[in-house]
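# Structural description and commentary
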Amino acid sequence: MGEVAETRVMEMESADYDECPIKQVEVTVPKTDDPTMPVLTFRMWVLGITSCAVLSFVNQFFWYRTQPLIISSISAQIAVVPLGHLMARTITDRVFFKGSKWEFTMNPGPFNIKEHVLITIFANSGAGTVYATHILSAVKLLYKRKLTFFPALLVMVTTQVLGFGWAGLFRKYLVEPAEMWWPSNLVQVSLFRALHDKETRVKGSTTRTQFFLIVFVCSFAYYVFPGYLFYMLTSLSWVCWIAPKSVLVQQLGSGLQGLGIGSIGFDWSTISSYLGSPLASPWFATANVAVGFMLVMYVMTPICYWFDVYNAKTFPIFSQSLFMSNGSEYNILSIINSNFHLDEKVYATTGPINLSTFFAMTYGLGFATLSATLVHVFLFNGSDLWQQSRRAFGKNKKMDIHTRLMKKYKQVPMWWFYAILVVNIAAIMFACQYYNESLQLPWWGVLLACAIALFFTLPIGIISATTNQQPGLNIITEYIIGYMYPERPVANMCFKVYGYISMTQGLTFLMDFKLGHYMKIPPRAMFMAQVVGTLLAVVIYLITAWWLMDAIPNLCDTSMLPKNSPWTCPMDRVFYDASVIWGLVGPRRIFGNLGAYSNVNWFFFGGAVAPFLVWLAHKAFPSKNWIRNIHMPVLLGATSMMPPATAVNFTSWIIVGFLSGFVIFRYKQKWWMRYNYVLSGGLDAGTAFMTVLLFLALGSRSIGLNWWGNNPEGCPLAACPTAKGMKMEGACAAY
């Protein structure tokens, strides 16, 4: 039946229209469909809900750890295959309520690829973190204030669900056009095909399924070294070993606390943890990230540090902490009054908050990325957007093969998205008004946050859909509410999650819609899986976090935890520091007329000018195609994940991205087309499974190996300040 449907489709479509404009999509995504495949099956629901629940619990459990473990949906995508086939063989195929409109069977036939895709959509909901959990952690664990269960649940649910509204508004622009190809989805598509397509092995070669299994086994076996036997492989900073008593050399060579010159990680989790798989990144995007990283780490940071800009030498060269003017860490709790606002008198006595110069510059680059995003999309995509807008509401719309194949299915009505949007915004308004003492955000702040998310979803979605990189809105949301409603840290955090995270969640839903588009999943089934998976994930994330807060004494409080405790919460601390800078103290006292870092605001202007210069160069030299590939939002936003990402994450990612996207794609293109994305999926899956196994078998029992290869990278002096007259402690006191 499937072969008949495929033949019918191929006869209908013209070869001219069948070719996709994106080469990677053309060679990866199948152009056929079998609409008769069952989708919403019993085993899909069982395996999908189980995958979502397990990943939600595991990821939140590990999120608070010093080395946070994020299990991707790839793990579930692999694990459910044998379970799906087992259920197809063993569950009864009896038809219940036969002859009625309620007729169904628990086993409609062999386990198929469309069921598998929907199970993975459920898994994606559990694998993606619920960012609003940071608010709960920051308030209860770091600010040590009260936040009850129900308002926390409301904030987490509404943040995630608000993204559905933005996704619905922009799906015609970010899903249907072939040019919006969402590169990371091709890894998933390749893996689905490797697990389901039946290939005939050519003598002397391997099928994609065989290749995946080989990579999976090798990755699984290898990770025991960086994950347990030889930790130093995660950041091999050999430059530090040249001069073990030199602060300068260690600042240059440290991959975790310095500039990372020569540092490399022989560990897939180090390579892919913050920037995603380098194998899924187009070469032009990888090159932009590489140039941006090098300009920041090897030009701007050294110049600012060694010329002592903003007293840089008083602080570590690379740090996310907040400092007093003498270089000691700032006691944040001492400047908060009983109303959970800034105590201005105590703050005036204690003195202003200071940032490491690198931390201050990363905020500046965030400003530049924001303005560059708007100008770049206007200059380079404005005409296309206008044409797409006309086509979206016109009668003569040109569609690629995948969009035409999807037209046979019932679409999700727009009123569903409008209803979700209206109800969700009303729920947010209620939560912020009724629980105002806890959440602090006024009603007008909710509307303003929604307006910001609405405005930026399209331009940032275009960048994400074409480059696999996503400039963040976190800084501009913090900046705006910090000026308009200062000295209220929870209001700042809530405004950020509604203005920034709802947009990010919307783009995640759009990316999933595109995956369903490629795999020909009925849109209403896809929508249902996304909604159920999202709500289930929120509940499990919240319950897990609440349980850990009660079960682990002094969770996240590094001043109270035992030495070498694994529960230091680095990601939550970055979020907390940002709430102090933008919410409690406010941008006016740091980046405004009352602060020391007001000149950083010039980055807004620089970011707006940069794409205009590239556009002028492109117009002056239209035959130079490489000029158009200079993507200023990606280049300027290259280091947006630093901190908590470190130099070794970038150096390792760039090297692998260069080898895959440039060397192999150019010189071994047939191999790249056949195996590149399968390789990425195999590395993800093998690393994830071994990581879980090591924790369950050894880490949970505190069984470790104590030898020099399991010590940190060997750069203890990299974090030492170098200003004259500084009081040194620990390893720094000896130099």
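Residues numbered from 1 in each chain as written. Predicted model: local features only at pLDDT ≥ 70, side-chain atom pairs only at ≥ 80, totals over all residues. Heavy atoms only, no water.

### A closer look at the pattern of salt bridges
- Under the counting rule described, the total for this entry stands at eight salt bridges.
- In this structure, arginine 589 and glutamate 344 form a salt bridge, with 3.8 Å as the shortest nitrogen-oxygen distance. In this pair, arginine 589 is assigned in the loop between α25 (570–585) and α26 (602–620) and glutamate 344 in helix α16 (residues 344–350), connecting sequence segments 245 residues apart.
- A salt bridge links glutamate 487 to arginine 589, with the nearest nitrogen and oxygen atoms 2.9 Å apart. Separated by 102 residues along the polypeptide, glutamate 487 in the loop between α22 (474–484) and α23 (489–519) and arginine 589 in the loop between α25 and α26 bring together distant segments of the chain.
- Among the ionic contacts, a cluster of salt bridges with common partners joins Glu344, Glu487 and Arg589. (Salt bridge = Lys/Arg side-chain N within 4 Å of Asp/Glu carboxyl O. Helix = DSSP H or I, 4+ residues; strand = E, 2+ residues; numbered from the N terminus.)

### Quick word on the state of the cysteines
- What the rule picks out here adds up to two disulfides.
- Each sulfur of the disulfide joining cysteine 240 and cysteine 715 lies 2.0 Å from the other. An S-S torsion of about 105° defines the bridge between cysteine 240 and cysteine 715 as right-handed. Highlighted residues: cysteine 240 in helix α12 (residues 239–242) and cysteine 715 in the segment after α30 (669–697), separated in sequence by 475 residues.
- Judged by its relative accessible area of 1%, cysteine 240 falls in the buried class.
- Given the relative accessible area of 3%, cysteine 715 is considered buried.
- The disulfide bridge from cysteine 556 ends at cysteine 569, spanning 1.9 Å between sulfur atoms. Here cysteine 556 and cysteine 569 share a disulfide; its torsion about the S-S bond, -85°, makes the bridge left-handed. Here the residue cysteine 556 occupies a position in the loop between α24 (523–551) and α25, and cysteine 569 occupies one in the loop between α24 and α25, the gap between them amounting to 13 residues. Comparing cysteine 556 with cysteine 569 shows no difference in burial state: the two are buried.
- The closest cysteine sulfur to the non-disulfide-bonded cysteine 450 is located on cysteine 432, 9.6 Å from its own sulfur. (Disulfide = S-S within 2.5 Å. Buried < 20%, exposed > 50% of the residue type's maximum accessible area, 1.4 Å probe, protein only.)

### Thoughts on a nonpolar patch on the surface
- A cluster of nonpolar side chains, Ile261, Val291, Met294, Leu295, Tyr298, Val299, Ile303 and Phe307, forms an exposed patch at the surface whose accessible area comes to about 720 Å².
- Here valine 299 falls in the partly exposed class, since its relative accessible area comes to 38%. (Patch = residues over 30% accessible without salt bridge, like charges linked within 9 Å, V, L, I, M, F, W, Y side chains within 5 Å. Areas by Shrake-Rupley, 256 points an atom, 1.4 Å probe, with all protein chains shown as cover.)

### Digging into α30
- Between its first and last C-alpha atoms α30 spans 41 Å; for 29 residues at 1.5 Å apiece the expected length is 42 Å, and the two agree.
- Maximum bend of α30: about 45°, positioned at tyrosine 675. (Expected span 1.5 Å × (residues − 1). Bend = angle between axes of the 7 residues up to and from the residue.)

### Regarding the side chain of glutamine 505
- On the secondary structure map, glutamine 505 appears in helix α23.
- Here glutamine 505 is in contact with Gln160 and Gly163, once residues within four sequence places are set aside. (Contact = heavy atoms within 4.5 Å.)

### A look at unusual backbone geometry
- Of note in the backbone geometry, tryptophan 182 takes a positive phi value of approximately 50° without being a glycine.
- Along the chain, tryptophan 182 turns up in the loop between α8 (149–174) and α9 (185–196).
- Tryptophan 182 gets classed as buried once you look at its relative accessible area, which sits at 2%.
- For cysteine 556, which is not glycine, the phi torsion reads 75° and is therefore positive.

Geometry only, nothing functional implied.
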